[in-house]
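# Chain and residue survey
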2 protein chains.
Amino acid sequence: MRDLRKIYIVGIGPGAKKQMTLRAREVLKRCPVIVGYTVYIDLIREEYPDKVYISTPMRQEIKRCRAAFEEAEKGMDTAVVCSGDAGIYGMAGLMYELSGEYPQVELEVIPGITAASGGAALLGAPLTHDFAVVSLSDLLTPWEKIEKRLIAAVATDFVICIYNPSSKKRAAYLERACSLMMEYKDAETVCGIVRNIGREGESVRILSLRELKETKTDMFTTVFIGNSETRKIGNHMVTPRGYHNE
Amino acid sequence: MRDLRKIYIVGIGPGAKKQMTLRAREVLKRCPVIVGYTVYIDLIREEYPDKVYISTPMRQEIKRCRAAFEEAEKGMDTAVVCSGDAGIYGMAGLMYELSGEYPQVELEVIPGITAASGGAALLGAPLTHDFAVVSLSDLLTPWEKIEKRLIAAVATDFVICIYNPSSKKRAAYLERACSLMMEYKDAETVCGIVRNIGREGESVRILSLRELKETKTDMFTTVFIGNSETRKIGNHMVTPRGYHNE
């Protein structure tokens, strides 16, 4: 029987420690080694100072993953932390892709609150029905494919949750996406943006698709595009689910 | 200044108590009244026996919501509990729809781990890239609209996560959906099904779209349809994200 080492790939939720699950906290307590992107590591280090922390900057995902496998091979239970959910635009995929090179290491994914859930809760209830999650980052996906997905989703009246709406290098991407969606969708469609979910400077805004097109966002923002039934109720963005025929 | 009463709409995650967030637990501890569907109430009652519990059977969503508003109006902080996330096919939407009738009551949504995150974690990493969430229940949506969404999502290579794949009354719905998707998608596409996430009898299976078509599921099952790049790595369903060009 092989002596398996364990790596937990842990989603810590959107910023606030209280949005972490009990299971995630239990795993972080137990693991002597914690690996992650610098910003997320700093959030955890305050609470658990007595651990080995291995942090790498943005974009060094492969290095970060290999560091975790190497620690696990030394016999240390290791946690790889991601913000939000570990499997939704998180590190879980890459860890599995590399896992074949480390047959002694077993992986377990600990799910977390993703920005779609966390942002929706702040806005009200935009995701009560079918929805599509699309990243506007074209680092790993051709822009043409992103456009096709947006068109498919608006044409069939999905609510859309947009991750990575823009960054310094991709400043106009959300504007381009909004222009495209406005060809298929009412410019007055109710939309929402949420920034810094669960962190300092958290902000929420409900606006029309037309206004969204003129709005600057960044990589800490999550965007919600309503479907044809989404509306504003009080200060909240709500997609009715249709229970009224009950 | 009005004296606002508070209702928390709380997602308790997929079954296991450990998948609840710290914030959700804090809110349940604090609220003297807890309202929900009978099965979820029973999960919570063990831990907090000294509360007022108001439970209603399936399909009595409006009654359940009104019961919560009435308790809150009496001055009791109230928690409405949902399995998974409170906003994703959960009760948050209906609560906001009814909220205009209860101006003294303020709502707050506490997000939870939805079946898409919880199921993906058990399968490996199927949702690492753009995905669509579709319910096959036609109680509230015409089947024709569901079909259009499925076609749009497969035609543009979204990973698809299916909620409510079938029930006693809708026994053949998943089979119909699979037949439809096979017109646009390789029958060998890697798929996954997860049943009873975080509960007794939890089970996970990875299979082809062709096999999925022949498989019986129920309302405790969540289904994942891979995109064209999704593959099986070891015993896991993984959608590569393309970091390899790093």
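First things first, this report covers the structure right here in the doc. All residue numbers here refer to positions counted from 1 along the written sequence of the relevant chain. Each chain gets a letter, beginning with A, and each ligand a number, beginning with 1, in the order they are written. Where local features are concerned, this predicted model is filtered to residues with pLDDT of at least 70; where side-chain atom pairs are given and counted, the filter is 80 or more; whole-chain, interface and lining totals use all residues. By convention in this description, side-chain values take in all heavy atoms of the structure and omit both hydrogens and water.

## Here we look at the relation of the copies chain B and chain A
The operation relating chain B to chain A is a screw motion whose rotation component is 180°, with 0.0 Å of axial translation and a residual RMSD of 0.0 Å. What we have between these two chains is a two-fold relation. Contacts: residue pairs with any heavy atoms within 4.5 Å of one another. By residue overlap, the copies meet face to face through one surface: 100% of the interface positions of chain B are interface positions in chain A. Superposing copies: least-squares fit, C-alpha atoms only, residues required to have pLDDT of at least 70 in both.

## Some thoughts on the interface of chain B and chain A
With 64 residues of chain B in contact, the opposing surface of chain A contributes 64 residues. The term buried area denotes the loss of accessible surface (1.4 Å probe radius) that occurs when two parts are joined, taken as the sum for both partners. Counting the surface chain B buries against chain A, the share from its top three residues, Glu97, Leu140 and Arg149 of chain B, is 11%. The salt bridge definition used is simple: a Lys or Arg side-chain nitrogen within 4 Å of an Asp or Glu carboxyl oxygen. Joining chain B to chain A, the criterion identifies six salt bridges. One salt bridge connects lysine 18 of chain A with glutamate 26 of chain B, and the closest N-O pair in it is separated by 3.1 Å. Polar contact is the term for a pair of N or O atoms within 3.5 Å; when the atoms are in protein, one must be able to donate a hydrogen and the other to accept it, and sequence-neighboring residues count only if both atoms are side-chain atoms. Joining chain B to chain A, the criterion identifies 26 residue pairs in polar contact (both at pLDDT 80 or more). At six residues, helix α4 (residues 92–99) of chain B tops the list of elements feeding residues into the side of chain B that touches chain A. Three categories are distinguished: nonpolar for Ala, Val, Leu, Ile, Met, Phe, Trp, Tyr, Cys and Pro, charged for Asp, Glu, Lys and Arg, and polar for the others, with Gly belonging to the last. For the side of chain B that touches chain A, a count of residues per class yields 26 nonpolar, 20 polar and 18 charged. Whether two strands pair comes down to DSSP finding at least two bridges between them. Here a strand is any run of E in DSSP of at least two residues, a helix any run of H or I of at least four, and the numbering for each starts at the N terminus. Relative to strand β7 (residues 131–135) of chain B, strand β7 (residues 131–135) of chain A is paired through three bridges, and the arrangement is antiparallel.

## A word on the sheet that holds strand β1 (residues 5–11) of chain A
All names here are of chain A. Strand order in the open sheet made by the five strands is β3-β2-β4-β1-β5, with parallel pairing throughout. Unpaired on one side and paired on the other, β3 (52–56) and β5 (105–110) mark the two borders of the sheet. Averaged over neighbouring strand pairs, the angle between their axes works out to 20° when direction is ignored. In this structure, strand β2 (residues 33–37) lies alongside strand β4 (residues 78–82), joined through four bridges in parallel fashion. Paired with valine 35 across the two strands is valine 80, which belongs to β4. Only the stretch in contact is used when a helix axis is fitted, and all axes are lines through C-alpha atoms; the angle between N-to-C directions ranges over 0 to 180 degrees. Along the sheet, helix α2 (residues 38–45) contacts β2, β3 and β4; its crossing angle with β2, the most-contacted strand, is approximately 135°.

## Digging into the packing of helix α3 (residues 61–73) of chain A against helix α4 (residues 92–99) of chain A
Residue and element names in this part refer to chain A. Put simply, α3 and α4 touch, their axes get as near as 10 Å, and they point 60° apart. Overall, the two elements α3 and α4 adopt an arrangement that is oblique. Between α3 and α4 the crossing geometry is right-handed. Mapping the contact onto sequence places Glu61, Ile62, Cys65, Arg66, Ala68 and Phe69 in α3 and Leu94, Met95, Leu98 and Ser99 in α4. Should an angle lie under 35 degrees it is considered roughly parallel, over 145 roughly antiparallel, and from 65 to 115 roughly perpendicular; all remaining angles are considered oblique. Two helices that cross are described as forming a left-handed crossing if the nearer one is turned anticlockwise from the farther one by less than a right angle, and a right-handed crossing if clockwise.

## Some words on the pattern of salt bridges
Under the definition given, this model contains 32 salt bridges over all chains. Ionic pairing is found between arginine 149 of chain A and aspartate 130 of chain B, a salt bridge with its closest N-O pair at 2.9 Å. Highlighted residues: arginine 149 of chain A in helix α6 (residues 143–155) and aspartate 130 of chain B in the loop between β6 (124–125) and β7, drawn from two different chains. Across the pair, aspartate 130 of chain B and arginine 149 of chain A agree in class, each one buried. Among the salt bridges present, the one from glutamate 214 of chain B reaches lysine 213 of chain B, with a minimum N-O distance of 3.7 Å. The classification of residues rests on relative accessible area computed with a 1.4 Å probe and restricted to protein chains. Under 20% of the type maximum is buried, over 50% is exposed, and intermediate values are partly exposed.

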